[in-house]
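So you can see what is in the structure, the chains are spelled out below.
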Amino acid sequence: MLFPTFEFGLFFLVIYAVNWWLRDEMPARKLILLAASYFFYAQWDWRFMGLLAISSAMNYAAGMWLGPEVRPSVRKLVATLAVIANLVILGFFKYYGFFIDSLTDLLLALGIQRDLPVLEIILPVGISFFTFQGISYVVDIYRDQIKPVRSPLDLFLYISFFPQLVAGPIVRASHFLPQLNKNPQLDPMSLAYGLVLIVVGLFKKTVLAHYLAVGLVDPVFLEPSEYSTLDLIGAHYGYAVQVYLDFSAYTDIAIGVAALLGFHFKKNFDRPFGATSCAQLWQRWHISLSTFLRDYLYRWLRGDKREGRWMSYRNIFLTMVLGGLWHGAAWTFIIWGAIHGAALVVERQFKSMVKIPKGAVHWFWPALCGWFFTFHVFTLAVIYFRASSLEIANEYIRSMFSWTPGIELFTPLMLAIVAGSVAVQFLPGDTLERMAKKLIAMPVVLLGLLFGACLLVIEAIGPEGVAPFIYYQF
Amino acid sequence: MTKQYDIERDGSEEQRSQTVAMAVRGLQIFLITAAILLVFNSAKLRSAVRDFPANAVTDRMVLAADQWHAWMEAAGAAKVAETLHQAMLDIRDTQWPE
């Protein structure tokens, strides 16, 4: 069940009404939200409801074993086993095929022919996101940052809550669980902000990202050698913008839907294409994953010691490569992560070597150079992220740098979508909040007409059909 | 620092009545939105209903959605979405000058 569909609209309307009707009946409300979340998940494949339940039960049990009364050595063992178990489940579904193919190739290269067990593994949608939430819950208890929950209902709902279940944002237990034990509230700002986020998210996904995908990116990335240099340049910018629009749209809608149900989620994207350094970009892009990688992977690589400069570079690079590998078992994702890791290291080293004296140049010029570098690292790396193989990615870059005249798919509309989407990133960060504030005082009939008119226009001007969100595959 | 998860009932009656009022306001907004989409986007309703698994109930829903769309077409309401869609297609097909 995709967000921008008639089915989801109907589903949400029912859940919204029941959620507020049961406002004072907390256990019943949680139970309904849990049932709704499992129903939502079952729309992809009902068999994976079991996996979701097993993951939740495992992390609940681990949490109970990590109480403060348990011996430190046992706590360490339980936390380690729980993290390993989470990673094994994730790794089996995500990397089994890649592992078997690579092993077969290696054995063939050594002259050994073996029939390895081949299984048709379907990747359960959202597995990365609910696994990461499970890991963060266990590790945060181990680090004494949160207490284990006593109610399994709370933990099951935390892991499976439908707005963020299949593509994030990765919500931390410390942020979500306390909200389950308060009577939910809906103030005028949350209502207006939720509506604004849903409209903006739907517009980004079903109109802008969809036009870029079907009109430019998909055909060009399928056969890069068939298109002109300008089309290739346009499509690589186009895909960078498409990923942003698509993914940020999902999290906008998720945050909006959660707000309308009385939950608060933190911002997941904060104008990343306005970043003037690679470090800043990752503080603004998929913030919940970046902070997850920082808190659970980088911190683990660093350990408790103070790290030297080269060790920190190694850890940054490894974090980004592993972040790339998380997206999928393919060399293209590893290279994508390595490019970003290398860019972060180069940028850090450059900043430690080059100090511009205050007032020597106007602030604008370093900011412009930083923005140009950051934006183009991102758009070039994204070619590897999008290409179906290393050969296609390399061919794409080769073709982009060898002049072929003409322009076919990078039309004025595509240019307007790309340039417009980048330009709005320079607006103040609270623009949507300010829009929402203006709606608060509006009479309900007018607000209903406005919301309805926005949805009608979005529905009417978007291309036919609904494309799945890009991050569902991760 | 360890966070506690003690049950917190919100204290003020004012907050409670505001929440109820906002929840009702939200419901009213969704119902108005649904009405607008039913009237001006009846083609979408028809295609969504046709995607439901076939059975006696959904067969009747398909007939009702067809009838509803025919009425909206006759009233001219269905033209709004078509006009907007066509305008967007014209923009999409615009090419650079030769």
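What you are looking at is a predicted structure, and each value in this text was computed from that prediction instead of being measured.

**Student:** Could you clarify how one ought to interpret the interface of chain B and chain A in this entry?
**Tutor:** Interface size is commonly expressed as the accessible surface area that is lost when the partners come together. Each side of the interface is counted separately: chain B has 37 residues, and chain A has 42 residues. The biggest single contributor to the side of chain B that touches chain A is helix α1 (residues 13–40) of chain B, with 16 residues. Here the residues of the side of chain B that touches chain A are counted per class, giving 17 nonpolar, 12 polar and eight charged.

**Student:** Looking at this model, I keep getting lost on the domain arrangement of chain A. Mind explaining?
**Tutor:** All names here are of chain A. Considered domain by domain, chain A is made up of domain 1 (6–14 + 24–184) and domain 2 (189–467). The straight-line distance from the C-alpha centre of domain 1 to that of domain 2 is 26 Å. Listed by partner, the interface residues are 19 residues for domain 1 and 17 residues for domain 2. If you list the elements that add at least two residues to the side of domain 1 that touches domain 2, you get α4 (72–109), α5 (127–142), α7 (162–165) and α8 (173–180). With five residues, the top contributor of residues to the side of domain 1 that touches domain 2 is α5. Residues that form the side of domain 1 that touches domain 2 fall into these classes: 12 nonpolar, six polar and one charged.

**Student:** Just checking my understanding: could you explain the packing of helix α2 (residues 26–42) of chain A against helix α3 (residues 48–64) of chain A for this structure?
**Tutor:** If you want to describe how two helices pack, look at the angle between their axes and the distance between the axes. Residue and element names in this part refer to chain A. Two elements in contact, α2 and α3, have axes separated by 9 Å at closest approach and are oriented at 135°. The pairing of α2 with α3 is recorded here as oblique in orientation. Crossing angle aside, the handedness with which α2 passes α3 is right-handed. For the pair formed by α2 and α3, the contact residues are Tyr38, Tyr41 and Ala42 on the first element and Phe48, Met49 and Leu52 on the second. Among the residues making up the contact of α2 with α3, the classes are represented as six nonpolar, no polar and no charged.

**Student:** Before we go on, may I ask you to explain the confidence of the model for chain A in this structure?
**Tutor:** The predicted coordinates should not be examined in detail at positions where pLDDT is low. Per-residue pLDDT for chain A averages 91, and the proportion of residues at 70 or more is 98%. Highest mean pLDDT in chain A belongs to helix α17 (residues 412–423) of chain A (97); lowest belongs to α4 of chain A (87).

**Student:** Would you explain the environment of Leu87 of chain A in this entry?
**Tutor:** Residue and element names in this part refer to chain A. If you trace the backbone, Leu87 turns up in helix α4. Judged by local crowding, Leu87 falls into the exposed class, with 12 C-beta atoms found within 10 Å. Expressed as a C-alpha distance, the spacing of Leu87 and Leu230, which sit 143 residues apart in the sequence, is 43 Å.

How each quantity is defined
- Residues numbered from 1 in each chain as written.
- Chains lettered and ligands numbered in written order.
- Predicted model: local features only at pLDDT ≥ 70, side-chain atom pairs only at ≥ 80, totals over all residues.
- Contact = placed C-beta atoms within 7 Å.
- Helix = DSSP H or I, 4+ residues; strand = E, 2+ residues; numbered from the N terminus.
- Nonpolar A, V, L, I, M, F, W, Y, C, P; charged D, E, K, R; others polar.
- Domains from an automatic or database assignment.
- Axes fitted to C-alpha atoms, helices over the stretch in contact; angles between N-to-C directions.
- Parallel < 35°, antiparallel > 145°, perpendicular 65-115°, else oblique.
- Left-handed = near helix turned anticlockwise from the far one by under 90°.
- pLDDT = per-residue confidence, 0-100.
- Buried ≥ 20, exposed ≤ 12 C-beta atoms within 10 Å, placed from the backbone.

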